[in-house]
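Next come the chains, spelled out residue by residue.
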Number of protein chains: 2
Amino acid sequence: MAFCYDYPHPAVTADVVVFTIREERLAVLLIQRAQAPYAHHWALPGGFIEPNENLEQGALRELFEETGLANVYLEQLYTFGKPDRDPRERIISVAYIALAPIERLAPMAASDATAAGWFDLNELPPLAFDHQDMIHLAHQRLRAKLDYSTLAFHLLEATFTFGELQQVYELIRGTAIDKRNFRKLMRGLNWLEETGKTRRVGQHKPAKLYRLTASTPLNPIR
Amino acid sequence: MAFCYDYPHPAVTADVVVFTIREERLAVLLIQRAQAPYAHHWALPGGFIEPNENLEQGALRELFEETGLANVYLEQLYTFGKPDRDPRERIISVAYIALAPIERLAPMAASDATAAGWFDLNELPPLAFDHQDMIHLAHQRLRAKLDYSTLAFHLLEATFTFGELQQVYELIRGTAIDKRNFRKLMRGLNWLEETGKTRRVGQHKPAKLYRLTASTPLNPIR
DNA sequence: ACAAAAGTGTTCTCGATACACCCATGC
DNA sequence: GCATGGGTGTATCGAGAACACTTTTGT
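Since we're looking at a predicted model, the values are computed, not measured.

A.B. asks: Tell me about the protein's contact with DNA strand D, residues and numbers included.
C.D. replies: Of all residues adjacent to DNA strand D, which total 21 residues, the nearest are A:Arg183, A:His204, A:Lys208, B:Lys184 and B:Gln203. When the atoms of DNA strand D within 4 Å of the protein are grouped by moiety, sugar and phosphate amount to 39% of the total. B:Gln203 is positioned with one of its backbone polar atoms (N or O) 2.8 Å from a base oxygen of DNA strand D. Between a base oxygen of DNA strand D and a main-chain N or O atom of B:Lys205, the distance comes to 3.1 Å. Elements with a minimum of two residues in the surface near DNA strand D: helix H5 (179-189) and strand E11 (207-212) of chain A together with helix H5 (179-189) of chain B. No other element matches the 5 residues that H5(A) contributes to the surface near DNA strand D.

A.B. asks: Outline the environment of B:Val72, supporting the account with residue identities and numerical values.
C.D. replies: Within the secondary structure, B:Val72 sits in the loop between helix H1 (55-67) and strand E6 (73-80). B:Val72 sits in the buried class, given a relative accessible area of 14%.

A.B. asks: Account for the packing of helix H4 (residues 162-173) of chain B against H5(B), naming residues and giving values.
C.D. replies: Residues and elements named next belong to chain B. At their nearest, the axes of H4 and H5 sit 11 Å apart, and the two run at 100 degrees to each other. Classified by the angle between their axes, H4 and H5 sit roughly perpendicular to one another. Residues Phe162, Leu165, Gln166 and Tyr169 of H4 form the contact with H5, whose own contacting residues are Lys179, Phe182, Arg183 and Met186. Of the residues that constitute the contact of H4 with H5, the class distribution is 5 nonpolar, 1 polar and 2 charged.

A.B. asks: Residue-level account of the pairing of strand E8 (residues 116-120) of chain A, with values.
C.D. replies: All names here are of chain A. Of all 5 residues making up E8, 4 are buried, and the element is well covered by its neighbours. Relative to E8, strand E3 (residues 25-32) runs antiparallel, the two being bridged by 5 bridges. If you follow leucine 29 over to E8, its bridge partner there is tryptophan 118.

A.B. asks: An account of the interface of chain A and chain B is needed here, citing residue identities and associated values.
C.D. replies: With 35 residues of chain A at the interface, the matching set in chain B holds 35 residues. When the two sides are added together, the surface that chain A and chain B hide from each other amounts to roughly 3100 Å², 58% of it contributed by carbon and sulfur. Together, A:Phe3, A:Tyr5 and A:Pro8 form the three largest contributors to the area buried by chain A at its contact with chain B, with a combined 18%. Along the contact surface separating chain A from chain B lie 0 salt bridges. For the interface between chain A and chain B, the tally reads 18 residue pairs in polar contact (both at pLDDT 80 or more). Among the elements of the structure, strand E1 (3-5), strand E2 (11-22), helix H1 (55-67), strand E6 (73-80) and strand E7 (91-99) of chain A are those that each provide at least two residues to the side of chain A that touches chain B. Tallying contributions element by element places E6(A) first for the side of chain A that touches chain B, with 4 residues. Among the residues forming the side of chain A that touches chain B, the class breakdown is 21 nonpolar, 6 polar and 8 charged. Here 3 bridges tie E1(A) to strand E1 (residues 3-5) of chain B, and the two strands are oriented antiparallel to one another.

A.B. asks: Provide a residue-level description of the sheet that holds strand E10 (residues 192-199) of chain A, including the pertinent values.
C.D. replies: All names here are of chain A. In space, the 3 strands of this open sheet follow the order E9-E11-E10, with antiparallel pairing throughout. Edge positions in the open sheet fall to strand E9 (160-161) and E10, since each of these has one partner strand only. Inspection of the sheet shows E10 paired to E11 by 5 bridges, in the antiparallel sense. Residue arginine 199 lies in a different strand from E11, and its bridge partner there is alanine 207.

A.B. asks: Quick one: what's the story with the state of the cysteines, residue by residue and with numbers?
C.D. replies: Scanning the model with the defined rule gives 1 disulfide over all chains in all. Across a sulfur-sulfur distance of 2.2 Å, A:Cys4 and B:Cys4 are joined as a disulfide pair. In this structure, the disulfide formed by A:Cys4 and B:Cys4 twists by about 115 degrees around the S-S bond and is classed as right-handed. A residue pair is termed interchain when its members come from two chains, as with A:Cys4 in strand E1 and B:Cys4 in strand E1.

A.B. asks: I'd like a rundown of the environment of B:Glu53, residues and numbers included.
C.D. replies: For B:Glu53, the position within the fold is in the loop between strand E5 (46-48) and H1. Beyond its immediate chain neighbours, meaning those up to four positions away, B:Glu53 contacts A:Pro83, A:Arg90, B:Phe48, B:Gly58 and B:Arg61. Looking at B:Glu53, its side chain comes within polar contact range of the main-chain nitrogen of B:Glu50, at 2.8 Å. Side-chain polar atoms of B:Glu53 contact the side chain of B:Arg61, separated by 2.6 Å.

What counts, and at which threshold
- Residues numbered from 1 in each chain as written.
- Chains lettered and ligands numbered in written order.
- Predicted model: local features only at pLDDT ≥ 70, side-chain atom pairs only at ≥ 80, totals over all residues.
- Heavy atoms only, no water.
- Near = heavy atom within 4 Å.
- Polar contact = N/O pair within 3.5 Å; in protein donor to acceptor, adjacent residues only side chain to side chain.
- Helix = DSSP H or I, 4+ residues; strand = E, 2+ residues; numbered from the N terminus.
- Buried < 20%, exposed > 50% of the residue type's maximum accessible area, 1.4 Å probe, protein only.
- Axes fitted to C-alpha atoms, helices over the stretch in contact; angles between N-to-C directions.
- Parallel < 35°, antiparallel > 145°, perpendicular 65-115°, else oblique.
- Contact = heavy atoms within 4.5 Å.
- Nonpolar A, V, L, I, M, F, W, Y, C, P; charged D, E, K, R; others polar.
- Pairing = 2+ DSSP bridges.
- Buried area = accessible area lost by both parts, 1.4 Å probe.
- Salt bridge = Lys/Arg side-chain N within 4 Å of Asp/Glu carboxyl O.
- Disulfide = S-S within 2.5 Å.

Right under this line is the structure:
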């Protein structure tokens, strides 16, 4: 009880909704809680902010400690602060959205901290606290920003095929997109350039690999 | 020093960027600080969250206590948490946007707490803390949401003329809008209905008064 | 009569959508 | 040769932008 104040202070945490594309589905990263409250329930990675780190750093640190993930794109989502959202004490949580291609997330499997796992966004287990709300809001936000930002590219590696890119858009929007219209749209944005290389993946025509041009803003446009 | 914890807790505040239209300009409400830090500087209204209120309640309570304002539209903006943003202690601030027509804000003048005043958004005084950043972000957000939400209507009374409505849009966007295109756009949205009444204001043709239809979502659409 | 804001339609451009076939590859 | 995803163009529709004059009122 070494930390005392003149008036009550809440605890502040950062929780992270990490999205990736896994097996052709939008997936979210969850960890299994070891202790009460909500022992054995699944929850978002996250934890308490340290006195000398800013909120983003705290979110990234907790994410790394609990899941071994690093090197993800991070963006603030919303701050949840209902007085009773945690039964232990007043905890205010700053929620973040994180995005990364699954290929960059190999370390996760190696992490031996808590059990962690990817869950299809449409097949989530019961979740601790208000984490269900956080994921729902995160998905909404992701969909809304898809059309006027470069968010989708954070779910891909540095080079990618048009097919992969279109799949990201389709998975986030939840609807199919016409191939020709999609390519025309992307051409119009002038965000992409050919790398000159191709990738062969199945028993069919190799696909050209693209990358973002140097001038494309990789942070959200609005 | 009655409130003690096992590990350090930050303080949490809510700060509110209140916009209104005043004398044909977008204006922000500021209060003058009495004490250090930043004594005599202008700052956003706001203050510490109480243990048993949620964040929105705290924002509204502080706004009322410091300025006498109530009955405003409120929406969360962003959470600011740099460790050194307040020199006294670690303070994390959840910033809110509030909107209200100036007519509803008469009580403010009567408030005798701290000095409070409206400032033209383009003529802000030096501000305490990172409140400059908050206002800037709030303005950006307001502009961005203008086109796909009913935010603008919170700056008007329940009935209003087309001219007043267009002025709100022009002030937030910062550009002129063609009258005929604007009316066509609004007609297309089906948000408005005539009240049957008119308002005469100068020595010219009286303007029809409109209101939002009952089915128009007054909370943000996205 | 005139000053001042209210009110009203048409044209054009561009972005969004709908839609079908050939190509390169591995088996 | 066939299955598989890669790659390409045209026609249509609707939203958004440009643009000027008449109406009603008070003085």
